[in-house]
Amino acid sequence: MRSHLCGVLRSEHIDQTVTLCGWVDRRRDHGGVIFLDVRDRAGIVQVVFDPDTVEAFALADRVRSEYVLKITGRVRARTDATINPNMATGQIEVLGKELVILNQAETPPFQLDEHTSVSEEVRLHYRYMDLRRTEMQQKLVLRSKITSAVRASLEDQGFLDIETPILTRATPEGARDYLVPSRTHPGQFFALPQSPQLFKQLLMVSGFDRYYQIAKCFRDEDLRADRQPEFTQIDIEASFIDESDIMCITETMIRELFSSVLSVDLGDFPRMTYADAMERFGSDKPDLRIPYELVSVDDLMQQVDFKVFRAPADDPEGRVAALKIDGGAQLSRKAIDDYTDFVGIYGAKGLAWVKVNQLAEGVAGLQSPILKFMPDEIVMSLMERIDAKDGDIVFFGAGKRQMVEESMGALRIKVGHDMGAVAAGWAPLWVVDFPMFEKAGDGSWTALHHPFTSPSCTPEELEANPGSALSRAYDMVLNGTELGGGSIRIHDQAMQRAVFRVLGIEAEEAEEKFGFLLQALKFGAPPHGGLAFGLDRLVMLMTGAQSIRDVIAFPKTQSAACVMTDAPGTVDAKALRELNIRLREQKAQSAE
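These remarks concern the structure in this document. Keep in mind the model is a prediction, meaning the values are calculated, not measured.

The rules behind the values
- Residues numbered from 1 in each chain as written.
- Predicted model: local features only at pLDDT ≥ 70, side-chain atom pairs only at ≥ 80, totals over all residues.
- Heavy atoms only, no water.
- Helix = DSSP H or I, 4+ residues; strand = E, 2+ residues; numbered from the N terminus.
- Buried < 20%, exposed > 50% of the residue type's maximum accessible area, 1.4 Å probe, protein only.
- Contact = heavy atoms within 4.5 Å.
- Areas by Shrake-Rupley, 256 points an atom, 1.4 Å probe, with all protein chains shown as cover.
- Lys, Arg positive; Asp, Glu negative; His and termini not counted.
- Charge placed at Lys NZ, Arg CZ, Asp CG, Glu CD.
- Salt bridge = Lys/Arg side-chain N within 4 Å of Asp/Glu carboxyl O.
- Pairing = 2+ DSSP bridges.
- Core = buried A, V, L, I, M, F, W, Y, C linked by side-chain atoms within 4.5 Å.
- Axes fitted to C-alpha atoms, helices over the stretch in contact; angles between N-to-C directions.
- Polar contact = N/O pair within 3.5 Å; in protein donor to acceptor, adjacent residues only side chain to side chain.
- Phe/Tyr/Trp six-rings, centres within 6.5 Å; stacked < 30°, edge-to-face > 60°.

### Describing the overall build of the chain
Point 1. The helix and strand tally for the chain stands at 17 helices and 22 strands.
Point 2. Once the C-alpha set of the chain is aligned to its principal axes, its extents read approximately 90 × 75 × 65 Å.
Point 3. Taking all 592 residues of the chain together, the buried fraction comes to 47%.
Point 4. Long-range pairs, those at least 24 residues apart, make up 68% of the contacts in the chain with a sequence separation of at least 6.
Point 5. For the chain, the computed accessible surface area is about 29,700 Å², with 49% contributed by carbon and sulfur atoms.
Point 6. Here the chain contributes 66 positive and 88 negative side-chain charges, whose respective centroids are spaced 5 Å apart.

If you want it as structure tokens, here you go:
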């Protein structure tokens, strides 16, 4: 039906006769000459109809926004006065000779060039209209390029694309499963996979030593800007490798991806231990574009009588950290109060601060309500440690270590953005040497990643001191976002049993939940490991989108619903009977 896409026409096409198909983006009538901006996924081109082509002109006079057209015409150069530098096709236009209205359109529910004033719910309800917008089409085109580049890179490195089941059994992976009732097995349920974790390990046992898959995953959890109930994962696993091997493979993939799609050289990927990341940045996914760092001052605060600082400084599980903000002395008291409220979200009971006005004047050149509680020599030692300068402000977090690191790490990011201190560009890194376990609220141990992550110690050392055990896990971080994470897996039965014992998983429970994997480990499992990237999050970063809902064609809302198809929905009684399901009646709430 067409010879060219609208957005590809350039000066080299001048004097060619072309046939285009697309939607009317805009219609303008200028003194008897009709201008149509015609749009397809490649872009927009201006088509001109004048009264000399009587039939086509009459049809052009009838068309309105979002009509679907087929146009044949001649490409010509625009005059110097009418060149549009803001359009890729702005050097040329098409003089329309023939016009066919392929379909009419009702008035759109919103103007496609004025989407910012439209609620997200309306955009999602009419998602097929929202996706016509150039911005949305560019994001999905880029997503397609990203998946193509990922496949090309991994296949060049010898990886095979192998699919794994969608209908599987429920396994404990940290979130609630989406369950699917079985008609042929009454009273039993499939679960939709939260990840292909167990199956990719089984593929390693099967001898497919390099596997990848762009996989759909499902988690029934509360949503936020970077979460969806169904999401896409770049899943990678390989055998006969160690941490450096898989990190090299995936770093190569990401480098090639950014180079081919964005023409960006990511440079070096530094490595940082988990302990160092938490100590310096209060986060296991630090944004290295922000120049601020946390500095521990526990030893200094152990020398003061100020209980707010002294108590956590003396507590083995506490911490006192300073955060210096360059040029922050200009902050108003209201701004400081707002930051105090902000850290309160994370459990902080307050936010102490010191403004550095004239450091050469000693304590007299500082401004803070807490200075009277600390000896002058401690205050000046503190200023020296954090390398304070005139015009700076120093914030303090004190309390339990986890709360201090969460609150001050979040404050570091917020102030960095508020102060315009976020450097341009990309800041990748690897975070390594994660703890193997973390304490649950009841004092028991839980796996920081999952129970198949290999520790870096022996089974005997693991059971003797679980809190000190490090895992062979690694996360790739970019601009403060975790792009992906993975680990070397356990392939030894003795180590797997030791991990289960630390987690309090009895042999019978382990057999029930993971029996098929444990059985496979008995038949010569190779050393193996892998990594999974969140594709939606990766695309969100590379397109500059504010939410992964903007890079998924048909996303769910924050309540995990699809307002376009009105899903989830009810099913009829017959279908429920076939599944041996009876719904409990919801008790009506009495009006008060």
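Continuing now.
### Side note on the pattern of salt bridges
Point 1. If you walk through the whole model with that rule in mind, you get 42 salt bridges.
Point 2. Lys400 is paired through a salt bridge with Asp315; the nearest N and O atoms lie 2.7 Å apart. Residue Lys400 is found in strand 16 (residues 393-400), and its partner Asp315 is found in the loop between helix 9 (307-314) and strand 13 (318-325); the two are separated by 85 residues along the sequence.
Point 3. With relative accessibility at 45%, the residue Lys400 sits in the partly exposed group.
Point 4. Of the charged contacts in the structure, one is a salt bridge between Arg333 and Asp337, with a shortest N-O distance of 3.2 Å. Of the two residues, Arg333 and Asp337 are both situated in helix 10 (residues 333-344); the distance of four residues between them amounts to about one turn of the helix.

### Focus: the pairing of strand 3 (residues 43-49)
Point 1. Among the seven residues that make up strand 3, six are buried, leaving the element largely enclosed by the rest of the structure.
Point 2. Sheet topology places strand 2 (residues 33-40) next to strand 3; seven bridges connect them, and they run antiparallel. The residue bridging Asp37 from the neighbouring strand is Gln46, located in strand 3.
Point 3. If you look at the hairpin formed by strand 2 and strand 3, you'll find two residues sitting between the two strands.
Point 4. Bridge count between strand 3 and strand 5 (residues 92-103): two bridges; the pairing is parallel. Bridging from a neighbouring strand, Val48 pairs with Leu95 of strand 5.

### Overview of the nonpolar core
Across soluble globular proteins, nonpolar side chains have a tendency to be buried as a group.
Point 1. Within the largest apolar cluster, 42 residues are counted, with the highest numbers of intra-cluster contacts made by Ile146, Ile236, Ile254, Leu257, Phe533 and Leu538.
Point 2. Here the element with the most residues in this core is helix 6 (residues 243-262); it accounts for eight residues.
Point 3. Non-local contacts of Ile236, meaning those with residues more than four positions away in its chain, are made with Leu154, Phe159, Lys200, Tyr211, Tyr212, Ile246, Thr250, Met253, Gly530, Leu531 and Phe533.
Point 4. Within the second largest apolar cluster, 25 residues are counted, among which are Ala352, Met374, Leu382 and Phe396.

### Some remarks on the sheet that holds strand 17 (residues 428-432)
Point 1. Within the open sheet, the eight strands sit side by side as 6-9-10-22-21-20-17-11. Their pairing is mixed. What marks the edges here is a single partner per strand, and that holds for strand 6 (160-161) and strand 11 (271-273).
Point 2. Pairing between strand 9 (residues 210-218) and strand 10 (residues 230-239): nine bridges, direction antiparallel. By the bridge assignment, Ala215 is partnered in strand 10 with Gln233.
Point 3. Running over the sheet, helix 5 (residues 197-205) touches strand 9, strand 10 and strand 22 (528-534) and is turned about 25° from strand 10.

### Brief notes about the environment of Gln188
Point 1. Residue position: Gln188 is located in the loop between strand 7 (179-181) and strand 8 (189-191).
Point 2. Gln188 sits in the partly exposed class, given a relative accessible area of 49%.
Point 3. For Gln188 and Asn580, which are 392 residues apart along the polypeptide, the C-alpha to C-alpha distance reads 9.7 Å.
Point 4. Contacts of Gln188, omitting those with residues within four sequence positions, involve Val180, Pro181 and Ser182.

### Some details on the environment of Arg310
Point 1. Here Arg310 lies in helix 9.
Point 2. With relative accessibility at 28%, the residue Arg310 sits in the partly exposed group.
Point 3. When the C-alpha positions of Arg310 and Leu300 are compared, they lie 9.0 Å apart, and in sequence the two are ten residues distant.
Point 4. Those residues in contact with Arg310, other than ones at most four positions away along the chain, are Met301, Gln302, Val304 and Asp305.
Point 5. A polar atom in the side chain of Arg310 sits 3.2 Å from the backbone oxygen of Gln302.

### Some words on unusual backbone geometry
In terms of backbone geometry, most residues other than glycine have negative phi values and most peptide bonds are trans.
Point 1. Between Ala567 and Pro568 the backbone carries a cis peptide bond, its omega angle lying at 0°.
Point 2. One can find Pro568 in the loop between helix 16 (535-543) and helix 17 (573-578).
Point 3. Residues other than glycine seldom take positive phi values, yet Asp566 does so here, at roughly 60°.
Point 4. When you line up the elements, Asp566 lands in the loop between helix 16 and helix 17.
Point 5. A residue is classified by how much of its surface remains accessible, and Asp566, at 60% relative accessible area, is exposed.

### Overview of the packing of aromatic side chains
Point 1. Enumeration over the complete set of coordinates arrives at 13 aromatic pairs.
Point 2. Plain terms: the ring middles of Tyr339 and Phe395 are 6.1 Å apart, the flat faces sit at 70° to each other, and that makes the pair edge-to-face. Residue Tyr339 is located in helix 10, and its partner Phe395 is located in strand 16; the two are separated by 56 residues in the primary sequence.
Point 3. Given the relative accessible area of 5%, Tyr339 is considered buried.
Point 4. When the centroid spacing of 6.3 Å and the interplanar angle of 80° are considered together, the rings of Trp430 and Tyr474 count as edge-to-face. Here Tyr474 lies in strand 20 (residues 473-478) and Trp430 lies in strand 17, a separation of 44 residues in the sequence.
Point 5. The exposure class assigned to Trp430 is buried, which follows from its relative accessible area of 0%.
Point 6. Tyr474 sits in the buried class, given a relative accessible area of 0%.

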